[in-house]
Amino acid sequence: MEDRLKEHDTRRDTPAVRHRKACKVNEVGERLPHAKGSPLCGVSKKNITINPAIRLTSNGEYKRLPRRDGPLGSPCRNDNVYTLVVVVVLSVCTRFYKIAEPTHVCWDETHFGKMGSYYINRTFFFDVHPPLGKMLIGLAGYLTGYDGTFPFIKPGDKYEHHNYIGMRGFCAALGSCLPPFAFLIVLELSSSTPAALVAACLLIFDTGCITVSQYILLDPILMFFIMGSVLCMVKFNTQSLRPFSFSWGLWLLLTGVCLSGSLGVKFVGLFVILLVGLNTVSDLWMLLGDLRLSLMDFGKHLLARVFGLIMLPSFLYTTIFAVHFIVLNSSGPGDGFFSSGFQSRLIGNNLHNASMPEYLAYGSIITVKNLRIAGGYLHSHWHLYPEGVGVQQQQVTAYMHKDYNNLWLVKRPDDSDAYTGTPELVRHGDIIRLEHKETTRNLHSHYHKAPLTKKHQQVTGYGINGTGDLNDLWQVEVCGGKNGDPVKVLRSKVRFLHRSTGCVLYSSGKTLPKWGWEQVEVTCSPYVKESPNSQWNIEDHINPKLPNISLSVLKPTFLEVLWESHIVMIRGNSGLKPKDNEVNSKPWHWPINYQGLRFSGVNETEYRVYLLGNPITWWLNLFSLGLFVVMATVLAVAVQRGVELQEQRKVCYNTLMKGGGILFLGWMLHYLPFYIMGRVLYYHHYFPAMLFSSMLTGITLDVFLKNLDIIFRPSIAHYFWRGGHSILILGLIYSFYLFHPLSYGMSGPLSDDPASSMAGLKWLDSWEF
């Protein structure tokens with residue numbers, strides 16, 4: 001490049017001239033496209049916004065240099081390191097303090113501690129979330145000496161001699177990373193150490209963040225990967241001046257790794273994937289508009305991002321499930337949620353390496369499983385439908401678990417029970433009765449409405465000792481079959497048509513109320529179109545008079561297992577509904593800190609932990625969200641109307657609109673979707689969004705304080721800027737001092753007693769401590 005430049009007038013080839021060519025800025029502080037021959041020629045103008053950390057050296061090259069004190073006292077890089085060390089120490093101390101208390105199971109430790117035990121014991125289970133978080137909890141327990149024998153039956157159970165500290169400590173360690181991550185993210189987006197410190201302190205001294213980090217939960221693991229994704233994305237954006245360098249590629253790949261981790265813990269990780277995706281699309285769009293960048297180079301940028309942000313996360317996410325299926329190879333409580341072929345993979349399951357008669361015959365004892373994912377087994381029990389729900393006959397439901405009440409006897413329509421000699425096979429078009437083995441009542445339907453699906457008919461158990469009426473008759477149809485085709489165990493898709501009314505046996509997927517033991521509704525649908533809900537297969541088949549075959553040929557492939565597991569998780573998630581007398585939190589409750597959540601204890605004789613955010617932190621975040629919208633709107637209108645911004649205002653405008661805009665978008669993506677979710681919601685679902693609002697608060701308040709010279713004299717505004725950050729941090733520390741018993745445990749009198757440690761601090765009646 002220097003050789004080419006020497007061919008021109010040497011008087012024009014000075015660092016200052018090259019600097020002016022390369023660094024023209026528009027009215028809002030964005031660098032315009034670079035002159036040909038400049039050090040930045042061919043670099044996207046979108047990614048070259050003013051960054052105080054980048055300087056032009058004497059030889060005309062751009063380098064990231066140590067920061068110096070600016071007009072408002074911006075600290076140098078060494079100060080940033082010291083501040084980060086303080087943030088890390090405070091974060092670790094607040095998360096690990098009293099980590100062993102209470103010494104009993106708290107809230108959802110019941111679930112996730114138990115699932116960690118399942119991994120240690122290699123026992124298969126079902127959960128509505130992807131497996132990475134539970135695998136890491138199980139690994140942490142295993143490495144710290146936990147043997148997986150504690151039952152985790154209910155909250156309040158004493159751990160006694162079992163080693164639970166390792167699993168809690170692992171979650172606390174990941175939770176301790178959140179404030180340092182916030183500090184680094186805000187520092188990169190704003191180049192302001194005070195803004196980064198305020199954002200970190202909002203998380204360090206938040207009682208809610210401390211509480212969710214100290215227990216065996218998925219939340220700290222999820223938030224670790226979400227914040228890691230944002231940090232790596234921001235770091236990658238700052239490397240735009242060095243495309244395809246080692247650091248550029250490293251941050252790109254680390255972003256992909258963290259994205260796979262976010263989705264591997266909970267499906268909420270999709271929101272941060274969307275955030276990174278929108279940032280990447282915007283980045284590529286600006287690169288495409290840079291005419292100094294060849295299409296070949298643009299293609300390289302595109303392929304690099306496809307590999308780092310799509311292919312690598314997809315591979316890692318798939319690998320997580322591969323490890324999950326390899327580790328959990330033994331039969332357990334989750335078998336019944338999955339298909340018969342899936343269950344045949346599990347050691348100890350009655351279908352694993354099993355053999356049974358290949359064709360269904362009269363006199364066989366069978367279980368009938370619905371082909372809808374998580375459709376359940378055809379089931380009955382002695383309980384009757386309650387008054388007002390159809391006819392008060394015996395309930396018939398679909399049950400997710402293996403149970404003796406899933407067994408049915410296949411009988412001829414004429415009630416004959418003499419099955420001598422070679423059994424007669426059941427074929428396509430045959431009419432049968434299904435007698436419940438335990439209660440000896442027949443599968444029955446009639447014109448009364450189903451309990452939940454009112455356009456369908458009720459299905460019941462009817463008769464005594466197998467005798468009933470014509471409404472007990474069902475015609476067998478093999479899907480895709482013809483008259484005379486036998487019914488193959490496990491492999492045939494079968495429908496049962498009710499002879500009297502013409503409806504088809506159907507699993508609706510809807511959960512019955514308490515009177516139905518929260519099992520799945522079974523109906524008789526008048527809509528005879530084929531669907532998984534109306535298709536069944538014969539799973540267990542007992543008939544000693546028939547020859548057996550091996551079921552090993554039915555094992556599904558890995559991709560089939562992966563697909564099925566996701567369908568089960570998604571349907572399980574959508575089926576989570578509030579239980580009776582359970583508090584169902586509303587999304588509008590969360591930003592205002594309207595109501596917390598009991599982690600442990602209720603009355604004054606118990607050790608109480610209450611999940612509630614530091615009210616000063618949460619209300620300050622809420623105020624800052626509104627302030628950001630107002631400031632961003634005013635500045636955008638001013639620029640649009642051609643108002644000339646001073647240099648300092650241009651920097652603040654860029655910081656607010658670009659850095660703050662990313663965080664505001666992250667907050668919306670992690671909060672607004674909950675308004676359209678039909679599943680049960682809890683207060684802790686807001687914490688990922690709270691991370692973004694806390695970081696946005698740091699940037700918004702810093703920009704606001706920097707621009708107080710619009711109102712006050714510069715010397716006074718300078719003191720406001722310095723004093724404002726100090727007052728904010730001291731206020732957060734004091735509010736943490738007041739509310740810290742919420743996280744670290746309370747005992748003795750409740751808050752309405754003057755002798756309570758929380759006396760006078762119940763500022764809202766909805767708080768329950």
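Residues numbered from 1 in each chain as written. Predicted model: local features only at pLDDT ≥ 70, side-chain atom pairs only at ≥ 80, totals over all residues. Heavy atoms only, no water.

**Observations concerning the overall build of the protein chain**
For step 1, the next point in the chain: Scanning the protein chain for helices and strands turns up 20 helices and 18 strands.
For step 2, the next point in the chain: In the protein chain, which comprises 769 residues, the share counted as buried stands at 56%.
For step 3, the next point in the chain: Across the protein chain, contacts joining residues at least 24 apart in sequence account for 73% of those joining residues at least 6 apart.
For step 4, the next point in the chain: Here the protein chain displays about 33500 Å² of accessible surface, and carbon together with sulfur accounts for 61% of that area. (Helix = DSSP H or I, 4+ residues; strand = E, 2+ residues; numbered from the N terminus. Buried < 20%, exposed > 50% of the residue type's maximum accessible area, 1.4 Å probe, protein only. Contact = heavy atoms within 4.5 Å. Areas by Shrake-Rupley, 256 points an atom, 1.4 Å probe, with all protein chains shown as cover.)

**As for empty space enclosed by the protein**
For step 1, the next point in the chain: In the structure shown here, the tally under the stated rule is 5 cavities of 30 Å³ or more.
For step 2, the next point in the chain: Reported here for the largest cavity is a volume of approximately 110 Å³.
For step 3, the next point in the chain: In this structure, the largest cavity is lined by 13 residues; those nearest its centre are Phe125, Asp127, His129, His324 and Met569.
For step 4, the next point in the chain: Every element with two or more residues in the lining of the largest cavity is listed here: α13 (295-327) and α15 (558-574).
For step 5, the next point in the chain: Looking at the lining of the largest cavity, its residues break down into 8 nonpolar, 3 polar and 2 charged. (1 Å grid on protein atoms, 1.4 Å probe; cavity = no way out; pocket = protein on both sides within 12 Å on 5 of 7 lines; lining within 4 Å. Points joined across faces, edges and corners; volume = space filled by probe spheres on them. Nonpolar A, V, L, I, M, F, W, Y, C, P; charged D, E, K, R; others polar.)

**Points about the packing of α13 against α15**
For step 1, the next point in the chain: Packing of α13 against α15 brings their axes to within 11 Å, and their N-to-C directions diverge by 95 degrees. By the criterion of interaxial angle, the relationship of α13 to α15 is roughly perpendicular. In contact with Tyr317, Thr318, Phe321, Ala322 and Phe325 of α13, α15 contributes Phe558, Val561, Leu562, Ser565, His566 and Met569.
For step 2, the next point in the chain: Split into classes, the residues belonging to the contact of α13 with α15 amount to 8 nonpolar, 3 polar and no charged. (Axes fitted to C-alpha atoms, helices over the stretch in contact; angles between N-to-C directions. Parallel < 35°, antiparallel > 145°, perpendicular 65-115°, else oblique.)

**A few points about the state of the cysteines**
For step 1, the next point in the chain: Throughout the structure, instances matching the rule amount to 1 disulfide.
For step 2, the next point in the chain: One disulfide bridge connects Cys503 with Cys524, the sulfur atoms lying 1.9 Å from each other. Across the disulfide from Cys503 to Cys524, rotation about the S-S bond amounts to roughly 95 degrees, and the bridge is consequently right-handed. In this pair, Cys503 sits in the loop between β12 (494-498) and β13 (504-511) while Cys524 sits in strand β14 (residues 520-525), placing the two residues 21 residues apart along the sequence. Across the pair, Cys524 and Cys503 agree in class, each one buried. (Disulfide = S-S within 2.5 Å.)

**A look at helix α5 (residues 132-143)**
For step 1, the next point in the chain: Under the 1.5 Å per step criterion, the end-to-end length of α5 is 16 Å for 12 residues, consistent within 8% with the ideal 16 Å.
For step 2, the next point in the chain: By the burial criterion, the buried members of α5 are Leu132, Gly133, Lys134, Met135, Ile137, Gly138, Ala140 and Gly141.
For step 3, the next point in the chain: Contact partners of the buried residues in α5: α4 (109-121), α6 (165-176), α10 (219-238), α11 (246-265) and α13.
For step 4, the next point in the chain: Directly after α5, the chain includes Gly145, whose backbone phi takes a positive value near 95 degrees. (Expected span 1.5 Å × (residues − 1).)

**Considering unusual backbone geometry**
For step 1, the next point in the chain: Of note, the amide linkage connecting Glu101 to Pro102 takes the cis form, showing an omega dihedral of -5 degrees.
For step 2, the next point in the chain: Following the sequence through the fold, Pro102 ends up in the loop between α3 (77-96) and α4.
For step 3, the next point in the chain: Although it is not a glycine, Asn353 sits at a positive phi angle of roughly 50 degrees.
For step 4, the next point in the chain: With respect to the helices and strands, the residue Asn353 is situated in the loop between α14 (340-343) and β3 (355-357).
For step 5, the next point in the chain: Given the relative accessible area of 52%, Asn353 is considered exposed.
For step 6, the next point in the chain: One non-glycine residue, Trp517, lies in the positive phi region at around 60 degrees.
For step 7, the next point in the chain: For Trp517, the location among the structural elements is in the loop between β13 and β14.

**Description of the nonpolar core**
For step 1, the next point in the chain: With 172 residues, the main nonpolar core has Ile185, Leu378, Leu434, Leu443, Phe496 and Leu505 as its most contacted residues.
For step 2, the next point in the chain: With 12 residues, the single largest contributor to this core is α10. (Core = buried A, V, L, I, M, F, W, Y, C linked by side-chain atoms within 4.5 Å.)

**Focus on the packing of aromatic side chains**
For step 1, the next point in the chain: Enumeration over the complete set of coordinates arrives at 48 aromatic pairs.
For step 2, the next point in the chain: A centroid spacing of 6.1 Å and a plane angle of 75 degrees characterise the contact between Phe325 and Phe342, whose relative ring orientation is edge-to-face. Taken together, the residues Phe325 in helix α13 and Phe342 in helix α14 connect sequence positions 17 residues apart.
For step 3, the next point in the chain: We classify Phe325 as buried; its relative accessible area is 6%. (Phe/Tyr/Trp six-rings, centres within 6.5 Å; stacked < 30°, edge-to-face > 60°.)

**Here we look at the pairing of strand β7 (residues 408-411)**
For step 1, the next point in the chain: Here β7 shows no split at all, with Trp408 and Val410 on one side and Leu409 and Lys411 on the other all buried.
For step 2, the next point in the chain: With 2 bridges joining them, strand β4 (residues 365-370) and β7 adopt antiparallel strand pairing. Each bridged residue has a counterpart across the sheet, and for Ile365 the counterpart in β7 is Leu409.
For step 3, the next point in the chain: Of the pairings in the sheet, the one linking β7 to strand β8 (residues 431-436) comprises 4 bridges and is antiparallel in character. Residue pairing for β8: Val410 is matched across the bridge by Leu434. (Pairing = 2+ DSSP bridges.)

**Here we look at the environment of Val186**
For step 1, the next point in the chain: Looking at the element boundaries, Val186 is found in helix α7 (residues 178-190).
For step 2, the next point in the chain: The exposure class of Val186 is buried, given its relative accessible area of 0%.
For step 3, the next point in the chain: As a C-alpha pair, Val186 and Ala196 span 10 residues in sequence and 4.9 Å in three-dimensional space.
For step 4, the next point in the chain: Apart from the residues lying within four places of it in its own chain, the contact partners of Val186 are Ser191, Ala195, Ala196, Ala199, Met695 and Ile699.

**A look at the pattern of salt bridges**
For step 1, the next point in the chain: Summed over all chains, the structure comprises 16 salt bridges.
For step 2, the next point in the chain: A salt bridge links Asp283 to Arg305, with the nearest nitrogen and oxygen atoms 2.7 Å apart. Of this pair, Asp283 sits in helix α12 (residues 269-288) while Arg305 is found in helix α13, placing the two residues 22 residues apart along the sequence. Each member of the pair Asp283 and Arg305 is classed as buried. (Salt bridge = Lys/Arg side-chain N within 4 Å of Asp/Glu carboxyl O.)

**Things to note about the side chain of Ser694**
For step 1, the next point in the chain: With respect to the element layout, Ser694 can be found in helix α18 (residues 687-706).
For step 2, the next point in the chain: Judged by its relative accessible area of 0%, Ser694 is buried.
For step 3, the next point in the chain: The contact partners of Ser694, leaving out residues within four places of it in the chain, are Ala199, Leu202, Leu203 and Asn621.

**So, the environment of Phe704**
For step 1, the next point in the chain: By secondary structure assignment, the location of Phe704 is in helix α18.
For step 2, the next point in the chain: Relative accessible area serves as the criterion here: at 35%, Phe704 is assigned to the partly exposed category.
For step 3, the next point in the chain: Not counting the four nearest positions on each side in its chain, Phe704 is found in contact with Leu627 and Met631.

**What to know about the confidence of the model for the protein chain**
For step 1, the next point in the chain: Summing up the model confidence of the protein chain, the mean pLDDT is 86 and the portion of residues at 70 or higher is 88%.
For step 2, the next point in the chain: The model gives residues 1-76 a pLDDT under 50, and that stretch makes 134 contacts with residues more than four places away or in other chains. (pLDDT = per-residue confidence, 0-100.)

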